[in-house]
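Each chain, written out:
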Amino acid sequence: MRNIWTIAKREYNHFFISPIAYLVAFAILLVLGIIFALVIYSSSQNVFFGSVPDIRPITGSFAFLLVLSTPALTMRLLADENRMGTMELLLTAPVRDIELIVGKWLGSFLFMLTIIAITLVYPIVLNALVRPGIDQGLMITAYLGLILVAASFLSIGVGISALFSNQVAAFFATLAVLITLWWLVGFPANYVQTGADIFRYLDLQTHFYDSLSVGKINLTDLVYFFSLIALGLFVGTLSIDIRRWR
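Quick caveat, the model's predicted, so the values are computed rather than measured.

Asks: Tell me what's going on with the pattern of salt bridges, and back it up with residues and numbers.
Replies: Tallying each qualifying case throughout the model produces five salt bridges. The salt bridge partner of Arg10 is Glu11, with a shortest N-O separation of 2.8 Å. On the basis of relative accessibility, which here comes to 1%, the residue Glu11 falls in the buried class. Linking Arg96 and Glu99 is a salt bridge whose minimum nitrogen-to-oxygen distance equals 3.6 Å. Residue Glu99 is classed as buried on the basis of its relative accessible area, which comes to 8%.

Asks: Describe in detail helix H9 (residues 167-184), supporting the description with residues and values.
Replies: Counted at 1.5 Å a residue, the expected span for H9 with its 18 residues is 26 Å, and the 24 Å between its end C-alpha atoms agrees. Along H9, the residues that are buried comprise Ala170, Phe171, Thr174, Leu175, Leu178, Leu181 and Trp182. In an axial view of H9, the angular spread of the buried residues amounts to 130°, which keeps them on one side of the axis. Facing away from the buried surface of H9 by more than 90 degrees, the exposed residues are Val168 and Phe172.

What counts, and where the lines are drawn
- Residues numbered from 1 in each chain as written.
- Predicted model: local features only at pLDDT ≥ 70, side-chain atom pairs only at ≥ 80, totals over all residues.
- Heavy atoms only, no water.
- Salt bridge = Lys/Arg side-chain N within 4 Å of Asp/Glu carboxyl O.
- Buried < 20%, exposed > 50% of the residue type's maximum accessible area, 1.4 Å probe, protein only.
- Helix = DSSP H or I, 4+ residues; strand = E, 2+ residues; numbered from the N terminus.
- Expected span 1.5 Å × (residues − 1).
- Arc of directions from axis to C-beta.

Listed below in C-alpha cells is the structure:
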C-alpha cells in the first residue's frame, strides 16, 4: 500500500506541472461554466415552463467531456515510461506490477476528483437559488455516477497506455475504446432482437444516464463500473508482466 501511495502522490503532483493537465481542467471547467450559466438563464426566462432546474445538465455534460479528455490525461502515464526507457528502472525496483498500475491510476483519479470537487460549486449555487432547494439524493447519485465513469475511463486509459511506447498512439487507442463504450457498443441493440439486452448492458450511457443520473443505484450498474475498472487495471498489469519477462 505504501508503494501505491508513493506512486499515486508522484503522479498527482506531476499533473500540476503538466500543461496538458491544466488545459484539460480549463476546458472542462469552461464548458461546464457556460452550461451552468445557460441553465440559470433558461430558468430565469421560464424556459423550463415551471420545472425546477437540477444538476443533471452539469453532470451529464461532464460525463461526455470525460470521453474526450481522459485520453489526454492517461496517454503519458506508462507510454512515456516505455518511450524514455525508465520502465526498465521501475521493473527493477521493489514494486509489484499491480502496485505500479494502481498507483498510476490512483494518481490520475485523485486529479480528476479535484476537478470534480471544484464543480461542486454549481450545485451549491443552484441549491441557494432554487426554493426549497435541489434534490439532494439526485445530486449525490449523479455525482456518484460521474465518479464511477471517471474511475472507469482512467483505468481503461492506464491499461491502454501500458501497451504503447508512443503517447499519440495511446491517446487515439484510448479515445477509440471510450467512444465504443459510450456510443457504438449499444448501437446494435436498436437493430437486433437476439442479444439486444447484452448490447444494452455493455452500453455505458445506459448505466449512467438511465440509472445513476436519475437517482437510481442498481447493483448491476455498480458491477458494470467496477468490472471496467478491474479490466483496465488487469490489462495494464498483464502488459507490465509481459514486458518484465520479455
